[in-house]
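Observations on chain architecture
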Amino acid sequence: MVVSVALWSVVATPGEPSVISPPSDIRITNIALGDQLADESGRTTVKLIYRRPGADEEESDDEEEEDEEKENDNSDLSTTVLCSLTPGKIEHSIVDVVLNEDEEYLIEVVGKNTVYLTGNYIDQNPFDQDPYGDDEDDMSDEEDYDLQEVSSDVEIDPDELDIPSDDEGRFEEIHDEDEAPKPEAKADKKRPRESDTMETDEQEAKLSKAQQKKQKKLKAANGEAVPTGTPDKAEKAEEKKGKQEKKEKKAEKEKPKGEVKTLQGGVKVVDHKTGSGAQAKVGDMVSMRYIGKLENGKIFDQNTKGKPFKFRLGKGEVIKGWDVGIVGMQPGGERTLTIPAPMAYGKKAQAGIPANSTLVFDVKLISIN
């Protein structure tokens with residue numbers, strides 16, 4: 001992702017070519033006439049002279065002997081016109097030109113008026129910092145991964161959340177292992193009273209047939225009877241687990257599954273939600289939310305709050321997989337992009353991204369400008 005770091009500007013005057021050797025990558029965005037004009041009707045042309053790629057390759061010993069003869073030969077230089085300005089008609093021009101770090105460039109003005117070039121220092125690989133000005137420096141994957149703003153196709157049933165009640169955990173039964181066993185009480189030789197016997201018979205009579213049947217079936221592994229009354233904790237846990245599994249299966253079935261489409265370069269897209277309005281096309285300025293992950297689910301970059309990420313679609317400002325995968329989306333739409341390494345960063349490793357990595361992005365189109 002390309003991020004503007006600081007403001008850059010230079011004044012170019014006629015007859016005095018300006019040599020530029022930027023310490024960092026520069027993007028020129030605007031060229032304008034000044035407030036004072038030397039020629040109020042004449043046209044002023046701004047030229048850029050640069051060295052062609054590959055012209056600085058190492059030469060052999062034989063070629064080095066010919067360097068002195070070709071000191072004044074500028075055959076490895078190229079000249080292009082950035083814009084032409086005329087007072088009263090065209091007094092400024094918007095451009096998009098990137099000057100690479102440590103390269104030498106020459107700005108030449110043909111005409112009588114002074115021109116002002118403005119742009120930004122840019123960082124094209126800002127994965128080791130937060131480029132959107134959020135206050136939090138250390139962003140936790142769990143705390144800031146808010147899918148409510150990115151994807152709305154998953155609903156969580158409150159019954160599935162394991163939230164302890166207010167009374168749970170207040171009381172804890174403590175068993176003292178070192179406590180000496182109490183001596184068994186001596187058998188009471190006294191005959192029970194008739195009233196006690198009658199009360200026991202009445203309690204047994206009050207049990208329903210179903211409870212009596214259940215009481216016969218409840219036996220522990222050693223064959224001893226298990227006392228009836230409240231349901232066993234193991235049964236409760238098993239019943240709760242079964243309900244939870246049914247709800248998970250139901251939610252999985254109800255979750256919409258988009259059709260997988262394969263685009264240019266092997267980029268795969270799945271639409272989870274269709275937006276409304278015009279479809280994004282090449283040349284549009286789009287505002288995006290996104291979460292970037294590796295195939296193992298590890299998040300390496302995201303924009304889920306604050307200022308949305310903006311870029312011009314199809315102009316090479318982002319990786320090729322984005323220029324291909326965002327086309328056709330509508331505002332409010334949500335999509336998953338699976339981008340193979342050749343359409344991402346290829347063999348070049350990035351901060352948090354190993355070389356030859358397939359990247360997965362959950363994206364949401366906020367608006368088209």
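Quick note: structure is the one above.
Residues numbered from 1 in each chain as written. Predicted model: local features only at pLDDT ≥ 70, side-chain atom pairs only at ≥ 80, totals over all residues. Heavy atoms only, no water.

1. Digging into the overall build of the chain
In terms of regular secondary structure, the chain is built from six helices and 15 strands. Residues classed as buried in the chain amount to 27% of the 369 residues present. At a minimum sequence separation of 6, the contacts of the chain that also span at least 24 residues come to 76%. Accessible surface, the chain: about 26,400 Å² in total, of which carbon and sulfur atoms supply 46%. (Helix = DSSP H or I, 4+ residues; strand = E, 2+ residues; numbered from the N terminus. Buried < 20%, exposed > 50% of the residue type's maximum accessible area, 1.4 Å probe, protein only. Contact = heavy atoms within 4.5 Å. Areas by Shrake-Rupley, 256 points an atom, 1.4 Å probe, with all protein chains shown as cover.)

2. Examining the pattern of salt bridges
Once their charged atoms are close, side chains differing in charge can pair, the charge on each being opposite to the other. Scanning the entire structure with this criterion turns up six salt bridges. A salt bridge links Asp-284 to Lys-281, with the nearest nitrogen and oxygen atoms 3.4 Å apart. With relative accessibility at 11%, the residue Asp-284 sits in the buried group. Residue Glu-334 is joined to Lys-364 by a salt bridge in which the shortest nitrogen-to-oxygen separation is 4.0 Å. Here Glu-334 is found in strand S14 (residues 334-339), whereas its partner Lys-364 is found in strand S15 (residues 359-368), with 30 residues between them in sequence. By the burial criterion, Glu-334 is buried, and Lys-364 matches it. (Salt bridge = Lys/Arg side-chain N within 4 Å of Asp/Glu carboxyl O.)

3. Topic: the side chain of Asn-113
Residue placement: Asn-113 occurs in the loop between strand S7 (105-110) and strand S8 (115-123). Polar contacts involving the side chain of Asn-113 include one to the main-chain amide nitrogen of Ala-38, which spans 2.8 Å. Separated by 2.8 Å, the side chain of Asn-113 and the backbone nitrogen of Asp-39 make a polar contact. Setting aside chain neighbours within four positions, we find Asn-113 in contact with Pro-14, Leu-33, Leu-37, Ala-38, Asp-39, Gly-42, Thr-44 and Pro-87. (Polar contact = N/O pair within 3.5 Å; in protein donor to acceptor, adjacent residues only side chain to side chain.)

4. A look at the sheet that holds strand S5 (residues 77-85)
Judged by pairing direction, the sheet is antiparallel, and its four strands sit side by side in the order S2-S7-S4-S5 without closing on themselves. Of all the strands in the sheet, just strand S2 (18-20) and S5 have a single pairing partner and so form its edges. Taken over all neighbouring pairs, the strand axes of this sheet differ in orientation by 25° on average, direction set aside. With eight bridges connecting them, strand S4 (residues 44-51) and S5 associate as antiparallel partners. Across the sheet, Val-46 pairs through a bridge with Cys-83, a residue of S5. (Pairing = 2+ DSSP bridges. Axes fitted to C-alpha atoms, helices over the stretch in contact; angles between N-to-C directions.)

5. Examining the environment of Phe-300
Position of Phe-300 among the secondary structure elements: in strand S12 (residues 299-303). Taking relative accessible area as the criterion, Phe-300 reaches 11% and is therefore assigned buried. C-alpha separation for the pair Phe-300 and Ile-353, spaced 53 residues apart in sequence, amounts to 7.1 Å.

6. Side note on unusual backbone geometry
Despite not being glycine, Asp-102 shows a phi value in the positive range, around 65°. Structurally, Asp-102 is set in the loop between strand S6 (92-99) and S7. Using a relative accessible area of 57% as the deciding quantity, one classes Asp-102 as exposed.

7. Details of the packing of aromatic side chains
The geometry of an aromatic ring pair is captured by two quantities: the separation of the ring centres and the angle between the planes. Under the counting rule described, the total for this entry stands at eight aromatic pairs. The interplanar angle of 85° and the centroid separation of 5.4 Å between the aromatic rings of Tyr-290 and Trp-322 together place this pair among those described as edge-to-face. One end of the pair, Tyr-290, is in strand S11 (residues 285-294); the other, Trp-322, is in helix H6 (residues 320-325), with 32 residues separating them in the sequence. We note that Tyr-290, like Trp-322, is buried. Relative to Trp-322, the ring of Phe-309 lies with its centre 6.1 Å away and its plane at 75°, an arrangement referred to as edge-to-face. On the criterion of sequence distance, the pair formed by Phe-309 in strand S13 (residues 309-312) and Trp-322 in helix H6 is long-range, its members being 13 residues apart. Across the pair, Trp-322 and Phe-309 agree in class, each one buried. Taken together through their ring pairs, the aromatic side chains of Tyr-290, Phe-300, Phe-309, Phe-311, Trp-322 and Phe-361 make up a single cluster. (Phe/Tyr/Trp six-rings, centres within 6.5 Å; stacked < 30°, edge-to-face > 60°.)

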